[in-house]
Amino acid sequence: MEKVVIIGTGCAGLTAALYTARANLAPLVFAGAMPGGLLTTTSIVENFPGFPEGIDGYELMTRLQKQAERFGARVQFGTVEAVDVKSQPFKLTVDGEPLEAETIIIASGAGHRHLGLESEDKLERKGVTYCATCDGAFPMFRNQPLVVVGGGDSACEEATYLTRFASVVYLVHRRDSLRASKIMAERTLAHAKIKPVWDSVVTEVLDVKQDKVTGVRLKNLKTEKESTLDCAGVFVAIGHLPNTQLFKGVIDMDENGYIIPKRGSETNVPGVFVAGDCSDHVYRQAITAAGMGCAAAIDAERYLAARNQ
Ligand code: NAP
C-alpha cells in the first residue's frame, strides 16, 4: 500500500512530491493528461522567485521533477480514473489497475476554458488552439493574421508570443480594458503588431465548411454590430476550469468545481489533501501552487504520523 499518492505533476503536485519524498514517504505521483501541468505550455516565467532572468516553463517543471525524484519521488505517466475514499485504505484505479493509498494529495490543476461554440469544437487543432507556445510556430500561422481571445495575463502572453510568427495579432476582448497585470497589459498594448478589438466576442469561428480557420465572426457588445475578421488561427485564452470531475459528490467543492479545503490543505475527507489550481481561483500562480503543494505535503506527513503512532 502506498503512503502518499499525488495526483498531478504541476507546481503543486511536484512540490508536494519533493516535500513528502524528503520526509521519506516515497510518494507515487501520477502525471495525468498534462505532465508538468499548465506551466509547461508557457514560454518564459518571469515571476518565479529565484530566477532573475526568467525561466522557461517547461524547464522549470523538468527541474522540479528531477529535484523531487532525487529524494525518492516516483513520477509515473498514468491517469487516475476512479477514487473511493469512503474508508481506509483509499482505493484508486490508475489506467485500469487497482491501487491502495493511506493519503491522497489532489493537485490535478485546471484545464483551458472553451468559448463554447460548435464551430470552435469542430475547428480545434485545425486553427483553433489553446496554447500559443505549443502551436504558434506551425507553418499555417506564419505571416498570417491571428486572433487571441481574452483579456487576462494568459491572453497577453499568448498575443505577445505570437507576434514572432504572425503578420498581426488581434486581441479580442469582451470589455474595453484588460484584466491582465499592469506590466503585461502595458507591454501588450504597446506592441506594434498587436491590435486590440475591444468590447467584442467571437460568435463563430469560420469556416467549418472549409475545415480550417479562415476568420471569426465578431459581435460588438456595446453597439451590437456584427463583423468578420480574417485570420488563420484563433488562440483562446479565457481562463481555466478545475480538473476535479473525478471527485464530484465526494470531495467538497464550490459551484465551479474548485475544491474547498476545510483547514489548511485538508478536505472534508481526512487523509485527502488538496493543493494548487484545482482549489484556487484567486491567485493561480506557479509560486502559490508550489506553496500549497508544500502545505499539503506537511499536512499529509502529520496525518500519517498521527495515524501510525
Ligand atoms: P483570467 O485572469 O481569468 O482571465 C480570463 C480572461 O478571459 C478575462 O479577461 C475574461 O474577461 C475573459 N473571458 C472569460 N470568459 C470569457 C468568455 N466566455 N468569452 C470571452 N472572454 C472571456 O485567466 P488567465 O489570463 O488565464 O490567468 C489566470 C491566472 O494565471 C491569473 O491569476 C494570472 O495572473 C495568471 N497568469 C500569470 C501569468 C504571468 O504572470 N506570467 C501568465 C499567465 C497567467 P473579463 O476580464 O471580462 O472577465
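Residues numbered from 1 in each chain as written. Predicted model: local features only at pLDDT ≥ 70, side-chain atom pairs only at ≥ 80, totals over all residues. Heavy atoms only, no water.

**Q** Any chance you could explain the overall build of the protein here in plain terms?
**A** Looking only at helices and strands, the protein has seven helices and 19 strands in total. In terms of overall size, the protein behaves like a compact globule, its C-alpha atoms giving a radius of gyration of 21 Å where 309 residues would be expected to give roughly 19 Å. Projected onto its principal axes, the C-alpha positions of the protein cover 65 × 40 × 35 Å. Considering the protein as a whole, with its 309 residues, one finds that 49% of them fall into the buried category. Sequence-distant contacts, at least 24 apart, represent 58% of the contacts inside the protein between residues at least 6 apart. (Helix = DSSP H or I, 4+ residues; strand = E, 2+ residues; numbered from the N terminus. Rg over C-alpha atoms; globule rule 2.2 N^0.38 Å. Buried < 20%, exposed > 50% of the residue type's maximum accessible area, 1.4 Å probe, protein only. Contact = heavy atoms within 4.5 Å.)

**Q** It is not clear to me how helix H6 (residues 182-190) should be interpreted in this structure. Could you clarify?
**A** A turn of α-helix holds 3.6 residues, and therefore any two residues three or four places apart point the same way. Taken together, the buried positions of H6 are occupied by Met184, Ala185 and Thr188. Taken around the axis of H6, the buried residues stretch over an arc of 95°, which confines them to a single face. H6 presents Lys182, Ile183 and Ala190 as exposed residues on the side facing more than 90 degrees away from its buried surface. (Arc of directions from axis to C-beta.)

**Q** Please clarify how the site of the ligand should be interpreted in this entry.
**A** With respect to spatial proximity, 18 residues lie near the ligand, and among them Asn47, Asp153, Ser154, Arg175 and Arg179 are the closest. One of the backbone nitrogen or oxygen atoms of glycine 152 is found 3.4 Å away from an oxygen atom of the ligand. Here aspartate 153 contributes a side-chain N or O atom positioned 2.6 Å from an oxygen atom of the ligand. Considered on its own, the ligand offers 920 Å² of accessible surface; in the complex 81% of this is hidden by protein. Its residues placed into classes, the shell around the ligand shows three nonpolar, nine polar and six charged. (Near = heavy atom within 4 Å. Polar contact = N/O pair within 3.5 Å; in protein donor to acceptor, adjacent residues only side chain to side chain. Areas by Shrake-Rupley, 256 points an atom, 1.4 Å probe, with all protein chains shown as cover. Nonpolar A, V, L, I, M, F, W, Y, C, P; charged D, E, K, R; others polar.)

**Q** Whenever I open this one, the side chain of serine 200 confuses me. Can you help?
**A** One can find serine 200 in strand S14 (residues 200-206). For serine 200, a relative accessible area of 5% puts it in the buried group. A polar side-chain atom of serine 200 sits 2.8 Å from the main-chain carbonyl oxygen of tryptophan 198.

**Q** Sorry, what's going on with the packing of helix H1 (residues 11-22) against helix H2 (residues 57-70) here?
**A** The angle between the axes and the distance between the axes are what describe a pair of packed helices. One can describe the packing of H1 onto H2 by two numbers: an axis separation of 8 Å at closest approach and a directional angle of 20°. As judged from the angle between their axes, H1 and H2 are roughly parallel. Crossing of H1 over H2 shows left-handed handedness. In this structure, H1 uses Cys11, Leu14, Thr15, Ala17, Leu18 and Ala21 to contact H2, whose residues at the interface are Met61, Leu64, Gln65, Gln67 and Ala68. For the contact of H1 with H2, the residue count by class is eight nonpolar, three polar and no charged. (Axes fitted to C-alpha atoms, helices over the stretch in contact; angles between N-to-C directions. Parallel < 35°, antiparallel > 145°, perpendicular 65-115°, else oblique. Left-handed = near helix turned anticlockwise from the far one by under 90°.)

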